[in-house]
Amino acid sequence: ALLLLREQRRFVLATSPGGSAALEAYCGAPPQGSEGKVTADGLKLVGVLVTIRHGDRSSIHSLPNTNTTARWMCRPVGSEQKQAAAQVAVVGLDGSPFYRPLLPKTLPGRHGDCAPGQLTPRGFAQHVALGRHLGRSFAPLLRQAAAERRANSSRVVYVRSTDYTRTQMSAAAFLYGLLPPTLRPPLAPPTRIHTRADEAAEVMHGVGLASSSKVGSEDGGGETERQGACALAGSMARAQQAAWRGDDGARDELGGLLGEEARAMPPTHVADALHSLSCHGMPRPCSQGGCVSAALAASFRLMGDSAYCARCGNFGSSRSSRAIELGCISGDLGSSRV
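As a starting point, this report considers the structure included with it. Everything numeric in this text was worked out from a predicted model, so none of it was measured.

With that out of the way, let us pick up the overall build of the chain. A count of helical and extended segments in the chain gives eleven helices and nine strands. Counting every position in the chain, which comprises 338 residues, the buried fraction comes to 49%. Summarising the internal contacts of the chain: among those between residues at least 6 apart in sequence, 78% fall at separations of at least 24. When the accessible surface of the chain is totalled, it reaches about 15800 Å², and 55% of it is carbon and sulfur.

Written out as structure tokens, the structure is:
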């Protein structure tokens, strides 16, 4: 089985301006599905590839000119999260050990407030629940994997993550729910989470236009974009960005509330600042001119989704660009497994 954890975002699609039902489903959706069932005769499930994003986190971006301060609580950490962190080991692609404290970072002097871009307790619980659901779905395959491990000590679970606390802790939470006791300490060695320390060489951030949120702190505080290893994919991605148009009316409304700096922000950055509040009952940002309405927040969530769907779907040159990127990721994973 291969668990690939990629640093990427997807914002909830609101079906109405308020979007309360969609938000509730996103924040606390019970894992469900028909995974693990082979419906065709003569077929046998021999392996599983799981690709997940990180769980709920504190925001990376913030809106200017607001008179409210968002706070996410990351500490104290629960006993399950400590156990999950202790049952994995972060290593390089060559298997060399890395020191990575997986528990969320906090702001200095703020009594457990999350630093930017940190996995929240809700995010940890989301991935434990997902892991338990898939653990039940693939129980026969996991039992077989445990038997194979006992027989030849081979590593039957391969995990790859970007080098962020939130992604590595999300992987640890998922594995804590997924793996049976026979595949976890003390009956088995810690599961290794493979990561690449050189972020500029990490293809999971993109080989066309590569993004990084290691700005201002180790894991968050902003976002930068750079040309990746493939110039052709980068030029295609820039053409796609130039062709995509969002909701100028929503931008104008936000600018009227929070100023031109807010209006000029990429809609995905605005969606991050607004949407990360949603699962925690925090009020939307306000200024002297008023507060961001539920409808305006929903508009930016939709724009955030639209921008990422355009980037990853068949919009402009994005399909060719993503085909190049996915080919590079597949090749990198195939060559780096140890």
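Following the structure, the description resumes.
Structurally, Pro101 is set in the loop between strand E3 (88-91) and helix H3 (121-137). A relative accessible area of 42% places Pro101 in the partly exposed class. Sequence spacing of Pro101 and Ala89 is twelve residues, and the spatial spacing of their C-alpha atoms is 9.9 Å.

Moving on: the pairing of strand E4 (residues 158-161). With burial as the criterion, each face of E4 is covered, one bearing Tyr158 and Arg160 and the other bearing Val159 and Ser161. Of the strand pairs in this sheet, E4 and strand E5 (residues 191-194) are connected by two bridges, and their pairing is parallel. Each residue of the ladder has a partner; that of Val159, found in E5, is Ile193. After leaving E4, the chain enters helix H5 (residues 165-178) and then returns to the sheet as E5, a path that is right-handed.

Now for the pattern of salt bridges. Using the criterion set out here, one finds nine salt bridges in the structure. The closest approach of N and O atoms between Arg57 and Asp272, which form a salt bridge, is 2.8 Å. Of this pair, Arg57 sits in the loop between strand E2 (49-52) and helix H2 (79-86) while Asp272 sits in helix H9 (residues 267-275), placing them 215 residues apart in sequence. As far as burial versus exposure is concerned, Arg57 and Asp272 are alike and both buried. One salt bridge connects Lys214 with Asp163, and the closest N-O pair in it is separated by 3.9 Å. Of the two residues, Lys214 sits in the loop between strand E6 (209-212) and strand E7 (224-227) while Asp163 sits in the loop between E4 and H5, which places them 51 residues apart along the sequence. Assessed through its relative accessible area of 12%, Asp163 is described here as buried.

It is worth spelling out the side chain of Ser276 at this point. In this structure, Ser276 sits in the loop between H9 and strand E8 (286-287). Among residues more than four places away in sequence, those in contact with Ser276 are Arg57, Ser58, Ser59, Trp72 and Ala271.

This next bit is on the packing of aromatic side chains. For the structure shown, the criterion picks out zero aromatic pairs. The ring of Tyr176 carries the charged tip of Arg184 above its face, separated from the ring centre by 5.3 Å. Its guanidinium or amino end placed over the ring of Tyr164, Lys214 lies 4.9 Å from that ring's centre, counting from NZ or CZ.

Looking at where Ala273 falls in the secondary structure, it is placed in helix H9. Since its relative accessible area comes to 8%, Ala273 is described here as buried. Spatially, the C-alpha atoms of Ala273 and Ile60 are 7.1 Å apart, while their sequence positions differ by 213 residues. In this structure, Ala273 is in contact with Ser59, His61, Ser62 and Leu63, ignoring residues within four places of it in sequence.

The tally for this structure, following the rule as stated, stands at two disulfides. Across the disulfide from Cys74 sits Cys114; the S-S distance is 1.9 Å. Judged by the torsion about the S-S bond (105°), the Cys74/Cys114 disulfide is right-handed. In this pair, Cys74 is assigned in the loop between E2 and H2 and Cys114 in the loop between E3 and H3, connecting sequence segments 40 residues apart. For the pair Cys74 and Cys114, a shared accessibility class is recorded, and that class is buried. Across a sulfur-sulfur distance of 1.8 Å, Cys286 and Cys291 are joined as a disulfide pair. Disulfide Cys286-Cys291: torsion about the S-S bond near 100°, hence right-handed.

What counts and how
- Residues numbered from 1 in each chain as written.
- Predicted model: local features only at pLDDT ≥ 70, side-chain atom pairs only at ≥ 80, totals over all residues.
- Heavy atoms only, no water.
- Helix = DSSP H or I, 4+ residues; strand = E, 2+ residues; numbered from the N terminus.
- Buried < 20%, exposed > 50% of the residue type's maximum accessible area, 1.4 Å probe, protein only.
- Contact = heavy atoms within 4.5 Å.
- Areas by Shrake-Rupley, 256 points an atom, 1.4 Å probe, with all protein chains shown as cover.
- Pairing = 2+ DSSP bridges.
- Right-handed = clockwise from strand over helix to strand, strands pointing away.
- Salt bridge = Lys/Arg side-chain N within 4 Å of Asp/Glu carboxyl O.
- Phe/Tyr/Trp six-rings, centres within 6.5 Å; stacked < 30°, edge-to-face > 60°.
- Lys NZ or Arg CZ within 6 Å of the ring centre and 35° of its normal.
- Disulfide = S-S within 2.5 Å.

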